[in-house]
Amino acid sequence: TTEIYTLSLHDALPIWLVTAESGFDDETQTFIRIDHQFSQKLGVFFRFLDDPLHLYAPNGLRQALGVPGVGNSNITDGATLYLGHVIYVLNDKNVLDAGYSYMQNWVTATPVGLLLPANSPDITPVLPYPSTLARIPNLSINGGSYAAIGPYRNTDPVTQLYMNDTVTSGRHTLNVGFNLEYQQAGNNQGTTNAGAFTFSPSALAPGSSETQYDQAFANFLLGSVTNFQQASADLADLPHTNIYEGYAQDDFRVMPRLTLNLGLRYSYFAQPTSGKLSGYPFYSQVNFVPSVFNAGNAPAMTNTGLICTSSPCAGGAIPNPGYNPYNGLIISGKTSPYGQKVTQQPLTAFAPRIGFAYDLSGNGRTAIRGGAGI
């Protein structure tokens, strides 16, 4: 990427800095597939995929622009898959097929530029909360970004087990089966637990030749902070959910020229529950439910839309002594009426279907097919 920055000095011509930041990616894909027919009745195959992608990103994870050398990060992104499948012929009228798979997706980001403490050992600000992120705070000067996300870790494992059985009996072809999935997906935030300082320009004097950047940079040198943010902890969660599905279908040849397809599938999509990302404290899930919101516990608001808890409030509002910051929120395992979940669990996900195939002339050359399902 080519990035341009302008440093305007007072009573001097602008200085233009043009730099080309280089990055690289290194990807090695490994595919293995083994098929084996043990007998006329039993066949199996196994597939393995490993696809790690290593990136050196000049601006870091999800950062479009940045000051050269600051947010540089090592990023990994990839997936690993194991899949086994078996087909077994019980007899000439009954065939089973089943499979098992495990897939792991991941994304990690580790800052290695000037935000790494080892590269900026003289930057040691005193923060309100201890930081568990191994980097110095993010910085913004008049919109110029000295920032990175990380250390960051995202993981997304999925385990699946399924089976199908096809049975032919007279005019009926029956298909029954099930699908089970265990899914997880989670990450840490990797953002403001390290702190984030913003320095904005002050009002320029009439006729001043200074730029807004001059003013913002002067505020930075003076330590006049416009805004500071820090999360009290680097939050992380690994919510998980299960899927249980079963189905049955009958392809019924009513007469030589008409076949009906009658089926029903049931799916149980479990509402997610909180999990624990390795190396991080456990955090509950939270949801806003309008029915448990009490207007009497709402906060007083300023005329600029900010919460006001102490007088005087801009715009004349009076602080509400009954203000509750958890007003309208339910917390899994604590105040949630759904136990470890924060939403109601649907139980009626039935999916019926009906179809037909009709041979118009009886010679197999023209057919009409139709169907409907939910």
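Preceding this paragraph is the structure being described.
Here the structure is a predicted model, which means the values were calculated and not measured. Note that residues are indexed from 1 along each chain, following the sequence as it is written. Confidence filtering applies because this is a predicted model: local features only for residues at pLDDT of at least 70, side-chain atom pairs given and counted only at 80 or more, and all residues used for totals across whole chains, interfaces and linings. Computation of side-chain values covers all heavy atoms of the structure but excludes hydrogens and water.

(A) Expanded view of the packing of aromatic side chains. Each Phe, Tyr or Trp ring (for Trp, its six-membered ring) is paired with any other whose centre lies within 6.5 Å, and the angle between the two planes then decides the class: stacked below 30 degrees, edge-to-face above 60, tilted in between. Scanning the entire structure with this criterion turns up nine aromatic pairs. Ring geometry for Tyr 244 versus Tyr 268: centroids 5.9 Å apart, planes at 50 degrees, classification tilted. Of the two residues, Tyr 244 is situated in strand E16 (residues 240-255) and Tyr 268 in strand E17 (residues 258-269); the sequence distance between them amounts to 24 residues. Relative accessibility thresholds used throughout: buried, under 20% of the residue-type maximum; exposed, over 50%; partly exposed, between the two (1.4 Å probe, protein chains only). For Tyr 244, a relative accessible area of 39% puts it in the partly exposed group. Taken together through their ring pairs, the aromatic side chains of Phe 199, Tyr 213, Phe 217 and Phe 220 make up a single cluster. Lysine and arginine charges are scored as sitting over a ring when NZ or CZ, respectively, is within 6 Å of the ring centre and within 35 degrees of the ring normal. Its guanidinium or amino end placed over the ring of Tyr 152, Arg 62 lies 5.0 Å from that ring's centre, counting from NZ or CZ. Elements are defined by DSSP. Helices are runs of H or I of four residues or more, strands are runs of E of two residues or more, and each kind is numbered from the N terminus.

(B) Region of the structure containing the state of the cysteines. Throughout, disulfides are identified as pairs of cysteine sulfur atoms within 2.5 Å of each other. Per the counting criterion, the structure on display carries one disulfide. Here Cys 308 connects covalently by a disulfide to Cys 313, the sulfurs 2.0 Å from one another. Judged by the sign of its S-S torsion, about -85 degrees, the cystine formed by Cys 308 and Cys 313 is left-handed. Assessed through its relative accessible area of 8%, Cys 308 is described here as buried. The buried category is assigned to Cys 313, whose relative accessible area is 8%.

(C) Spotlight on the layout of surface pockets. Volume-wise, the largest pocket comes out at about 280 Å³. Cavity and pocket criteria rest on a 1 Å grid covering protein atoms alone: a 1.4 Å probe that fits but cannot get out defines a cavity, protein on both sides within 12 Å along at least 5 of 7 lines defines an open pocket, and an atom within 4 Å of a point defines a lining residue. As for the largest pocket, its lining consists of 14 residues, and the residues nearest its centre are Ile 123, Ile 136, Pro 137, Leu 139 and Phe 220. Every element with two or more residues in the lining of the largest pocket is listed here: strand E8 (138-141) and strand E13 (196-199). Of the residues belonging to the lining of the largest pocket, the class tally is twelve nonpolar, two polar and no charged. Grid points are joined across faces, edges and corners, and a volume is the space filled by probe spheres set on the points. The residue classification treats Ala, Val, Leu, Ile, Met, Phe, Trp, Tyr, Cys and Pro as nonpolar and Asp, Glu, Lys and Arg as charged. All others, Gly included, are polar.

(D) Fine view of the pairing of E16. For strand E11 (residues 172-184) and E16, the ladder comprises 13 bridges, and the chain directions are antiparallel. The partner of Asn 179 across the bridge, within E16, is Glu 245. When DSSP finds two or more bridges between two strands, those strands count as paired. Bridge analysis of E16 against E17 gives twelve bridges, and the strand direction is antiparallel. The partner of Glu 245 across the bridge, within E17, is Ser 267. With antiparallel pairing between neighbouring strands as the criterion, E16 and E17 make up a hairpin whose turn holds two residues.

(E) Structural context of unusual backbone geometry. Along the chain, Gly 150 connects to Pro 151 via a cis peptide bond; the corresponding omega equals -5 degrees. Secondary-structure assignment places Pro 151 in the loop between strand E9 (144-146) and strand E10 (152-169). In this model, Ser 311 is joined to Pro 312 through a cis peptide bond whose omega is -5 degrees. Structurally, the position occupied by Pro 312 is in the loop between strand E20 (307-308) and strand E21 (329-331).

(F) Inspection of the pattern of salt bridges at higher detail. The term salt bridge refers to a side-chain nitrogen of Lys or Arg lying within 4 Å of a carboxyl oxygen of Asp or Glu. What the rule picks out here adds up to two salt bridges. Ionic pairing is found between Arg 33 and Asp 35, a salt bridge with its closest N-O pair at 2.8 Å. Glu 245 is paired through a salt bridge with Arg 265; the nearest N and O atoms lie 3.7 Å apart. Here Arg 265 lies in strand E17 and Glu 245 lies in strand E16, a separation of 20 residues in the sequence.

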